[in-house]
Amino acid sequence: RLAAINALEYACQAAALHAPLARGDADGSRSRALLAAVHGLELAVETLDQVQTPLRIAAQQELTLGQGAIYGFQVTSGGQPIARGRITVVGGAAA
């Protein structure tokens, strides 16, 4: 069984893909970021095993904070909400 909280990990990975591209570091080699906070997390299912169609993961950068950012995210399946919330990531240390 794959708990629905794992949708949060998928959203964090989507943000992790965006961050290096936004700062011009396409290969992601210059820095790494850490998850600092999760806000407003809503889970619509207990397990991801319940989901019958592919997941769609979207993360939108809402605010840049020096060495970090806030992202809003949504995970859906077949147009139905699975998870949503906001994450704060901080970083900039050399990898």
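The paragraphs below set out a description of the structure included in this document. (Residues numbered from 1 in each chain as written. Predicted model: local features only at pLDDT ≥ 70, side-chain atom pairs only at ≥ 80, totals over all residues. Heavy atoms only, no water.)

**Quick look at the overall build of the chain**
At step 1: Along the chain, the regular secondary structure elements total 1 helix and 4 strands.
At step 2: The order of α-helices and β-strands along the chain, N terminus first, is α-β-β-β-β.
At step 3: The 95 residues of the chain split such that 29% are buried.
At step 4: Taking the contacts inside the chain whose residues are at least 6 apart along the sequence as the reference set, 59% of them involve residues at least 24 apart.
At step 5: For the chain, the accessible area works out to roughly 5900 Å², and carbon and sulfur atoms hold 54% of it. (Helix = DSSP H or I, 4+ residues; strand = E, 2+ residues; numbered from the N terminus. Buried < 20%, exposed > 50% of the residue type's maximum accessible area, 1.4 Å probe, protein only. Contact = heavy atoms within 4.5 Å. Areas by Shrake-Rupley, 256 points an atom, 1.4 Å probe, with all protein chains shown as cover.)

**A look at the nonpolar core**
At step 1: Membership of the largest hydrophobic core comes to 17 residues, with the highest contact counts inside it found for Tyr71, Phe73, Val75, Ile82 and Ile87.
At step 2: Mapped by element, the contributors of at least two residues to this core are helix 1 (6-22), strand 3 (68-77) and strand 4 (80-93).
At step 3: Those residues within four positions of Ile82 in sequence are excluded, and the remaining contacts are Glu42, Leu43, Ala44, Val45, Leu48, Val51, Leu55, Val75, Thr76 and Ser77. (Core = buried A, V, L, I, M, F, W, Y, C linked by side-chain atoms within 4.5 Å.)

**Describing the pairing of strand 2 (residues 55-65)**
Regular strands have side chains that alternate between both faces of the sheet.
At step 1: Note: strand 2 against strand 3, 10 bridges, orientation antiparallel. Looking at the pairing, Ala58 lines up with Gln74 of strand 3.
At step 2: Counting the residues between successive antiparallel strands, the hairpin from strand 2 to strand 3 contains 2 residues, one of them, Gly66, with a positive phi of roughly 60°. (Pairing = 2+ DSSP bridges.)

**Examining the side chain of Thr47**
At step 1: Among the secondary structure elements, Thr47 is positioned in the loop between strand 1 (32-43) and strand 2.
At step 2: Setting aside chain neighbours within four positions, we find Thr47 in contact with Arg1, Leu2, Ala3 and Ala4.

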